[in-house]
Amino acid sequence: MADWLAALDRRAELRAKAGLTRRLHPRAADDAVVDLAGNDYLGLATHPEVIAAAARALSAYGLGATGSRLVRGSTDAHHALEDALAGWLGTDRALVFSSGYLANIGAVRALVRPRTLLVSDAHNHASLIDGCRVSGAETVVTPHADVTAVTAALAAASGRPAVVVTESVFSVDGDLAPLARLHATAREHGALLLVDDAHGLGVTGPHGAGAVAAAGLAGEPDVVVTATLSKALGGAGGVVAGPAEYVRHLVETARTFIYDTALPPTVAAGVHAAVGLARAGDGPRADLARRAALAVRRLRAAGLDVSTPAAAVVAVTAPGPEAATGWAAACRDRAVAVGCFRPPSTPDSRSRLRLTISAGVSQAEFERALEIIVECAP
């Protein structure tokens, strides 16, 4: 009976030798770390209006939703949030899931019909990859941001239903997908376009409506948008937005919606308040863009290999997995939190530090954090 535990120990030893050990680092509520690892881009997780809205919902509804959305889990807070998200994104309807991961799996699966071909970018997030796998549909993985390869895959599947699956702002390097060109080739071949706008919503586009809106694709009948509510909006949950007929199909068929306990109404209410704040002013977004540009200049001046960010994600190449983990640990020891991406989380086997720019960090703290990252570089 102990053989399976010994096998797990052996696999852990192999991961450790490869520099791929992962550990949990508990965060105290009052820690003084400069956070360049979290995704609270606009600093809304602790905004007084967001907290007040969540507190009112907590008092009214209690801690949890008490059931799935189709049983007792749908509240006024959920429907108000969905209406606000649909209006912001420019779509017919929006549907809130308990996480962005489940939203993506449900969204991909609901687009699959018999003989459907999924054309997926090589740098897509794990949730999109798993959505393709769970769907059971044939999937072609195309080179990153390669419209020519997408076109070829669609042309080879002429007469079949097809879906082009991509992120907008990619979570690995922070670069932007060629959304307008992807949509043009998808439409030419009668395919749909699914865009995960997780890192674009709130950060890019008109009034922060995201990269899909920035590309002029908001409300297009052959475009489906997904996003997490845990990044620029500072909360939790996920959303799928698109034509009313498609959202109805999700309500009636998406297993990750039907069989999952609903997002707590207190979170839905807090995120609804965050949507209003995110739409209200472009100042924080402009500040994020300035800081991202500053990070690129400072880190490149130090001789580091840095991505060119389309939004608020800046990736810095590390020599390897062990160097990446050591670099991140050295920064953490000096009270700066940075993301650490290593295989298998990276699609190209390159290890990186990932910096996420946040309006919740002061300018002085941000500049000092950049100095520490440079000083700790391997």
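Residues numbered from 1 in each chain as written. Predicted model: local features only at pLDDT ≥ 70, side-chain atom pairs only at ≥ 80, totals over all residues. Heavy atoms only, no water.

Enquirer: Before we move on, could you go through the layout of surface pockets and cite the residues and values that matter?
Expert: Of the pockets and cavities examined, the largest pocket occupies roughly 1,600 Å³. Contributing to the lining of the largest pocket are 37 residues, with Arg27, Asp35, Ala37, Gly38 and Ala337 lying nearest its centre. Broken down by secondary-structure element, the contributors of at least two residues to the lining of the largest pocket are β1 (34–36), α14 (321–333) and β10 (336–341). Tallying contributions element by element places β10 first for the lining of the largest pocket, with five residues. Classifying every residue of the lining of the largest pocket gives 15 nonpolar, twelve polar and ten charged. Empty space within the second largest pocket amounts to approximately 510 Å³. (1 Å grid on protein atoms, 1.4 Å probe; cavity = no way out; pocket = protein on both sides within 12 Å on 5 of 7 lines; lining within 4 Å. Points joined across faces, edges and corners; volume = space filled by probe spheres on them. Helix = DSSP H or I, 4+ residues; strand = E, 2+ residues; numbered from the N terminus. Nonpolar A, V, L, I, M, F, W, Y, C, P; charged D, E, K, R; others polar.)

Enquirer: Give me empty space enclosed by the protein: which residues, what numbers.
Expert: Taken as a whole and judged by the stated rule, the model has four cavities of 30 Å³ or more. Approximately 50 Å³ is the volume found for the largest cavity. What lines the largest cavity is Val119, Ser120, Asp121, Thr142, Ala145, Val150, Val164, Val165, Thr166 and Leu182. Going through the elements one at a time, β3 (117–121) and β5 (162–167) are the ones with two or more residues in the lining of the largest cavity. Within the lining of the largest cavity, the residues separate by chemical class into six nonpolar, three polar and one charged.

Enquirer: Give a detailed account of the sheet that holds strand β4 (residues 138–142), specifying residues and quantitative values.
Expert: Reading across from one edge, β2-β8-β7-β6-β5-β3-β4 is the order of the seven strands in this open sheet, with mixed pairing throughout. In the strand order of this sheet, the two ends are held by β2 (93–97) and β4, each with one partner. On average, each strand axis in the sheet is tilted by 20° relative to the strand beside it, whichever way the strands run. Two strands pair when backbone bridges link them, and β5 and strand β6 (residues 192–196) are joined in this way by five bridges, in the parallel orientation. Looking at the pairing, Val165 lines up with Leu194 of β6. (Pairing = 2+ DSSP bridges. Axes fitted to C-alpha atoms, helices over the stretch in contact; angles between N-to-C directions.)

Enquirer: Now, about helix α12 (residues 265–280): what can you tell me, with residues and values included?
Expert: Over its 16 residues, α12 runs 23 Å from end to end, which matches the ideal 22 Å to within 8%, given 1.5 Å per residue. Taken together, the buried positions of α12 are occupied by Pro265, Thr266, Ala268, Ala269, Gly270, Val271, Ala274, Val275 and Ala278. On the buried face of α12, the contacting elements are α2 (48–61), α4 (76–89) and α13 (283–301). (Expected span 1.5 Å × (residues − 1). Buried < 20%, exposed > 50% of the residue type's maximum accessible area, 1.4 Å probe, protein only. Contact = heavy atoms within 4.5 Å.)

Enquirer: Residue-level account of the pairing of β2, with values.
Expert: β2 sits mainly inside the fold: four of its five residues count as buried. Here β2 pairs with strand β8 (residues 238–242) via five bridges, running antiparallel. Within β8, the position partnered with Phe97 by the bridge is Gly238.

Enquirer: Provide a residue-level description of unusual backbone geometry, including the pertinent values.
Expert: Cis geometry marks the peptide bond from Pro343 to Pro344, where omega comes out at 5°. For Pro344, the location among the structural elements is in the loop between β10 and β11 (351–356). You will see that Thr66, though not glycine, has its phi angle at about 75°, which is positive. Inspection of the secondary structure assignment puts Thr66 in the loop between α2 and α3 (69–73). Positive phi is not limited to glycine here, since His207 has a value of about 55°. Tracing the chain through its elements places His207 in the loop between β6 and α9 (211–214).

Enquirer: Describe in detail the pattern of salt bridges, supporting the description with residues and values.
Expert: Two side chains of opposite charge can pair, provided their charged atoms sit close to one another. What the rule picks out here adds up to 17 salt bridges. The closest approach of N and O atoms between Arg187 and Asp222, which form a salt bridge, is 2.9 Å. Within this pair, whereas Arg187 is found in helix α8 (residues 179–188), its partner Asp222 is found in the loop between α9 and β7 (223–228), the two being separated by 35 residues in sequence. Judged by its relative accessible area of 12%, Asp222 is buried. Close ionic contact of Glu367 with Arg298 constitutes a salt bridge, the shortest N to O distance being 3.5 Å. Residue Glu367 is located in helix α15 (residues 363–375), and its partner Arg298 is located in helix α13; the two are separated by 69 residues in the primary sequence. You can call Glu367 partly exposed: its relative accessible area is 26%. By relative accessible area, which is 35% here, Arg298 ends up partly exposed. The structure contains a network of salt bridges with shared partners spanning Asp173, Asp348, Arg350 and Arg352. (Salt bridge = Lys/Arg side-chain N within 4 Å of Asp/Glu carboxyl O.)

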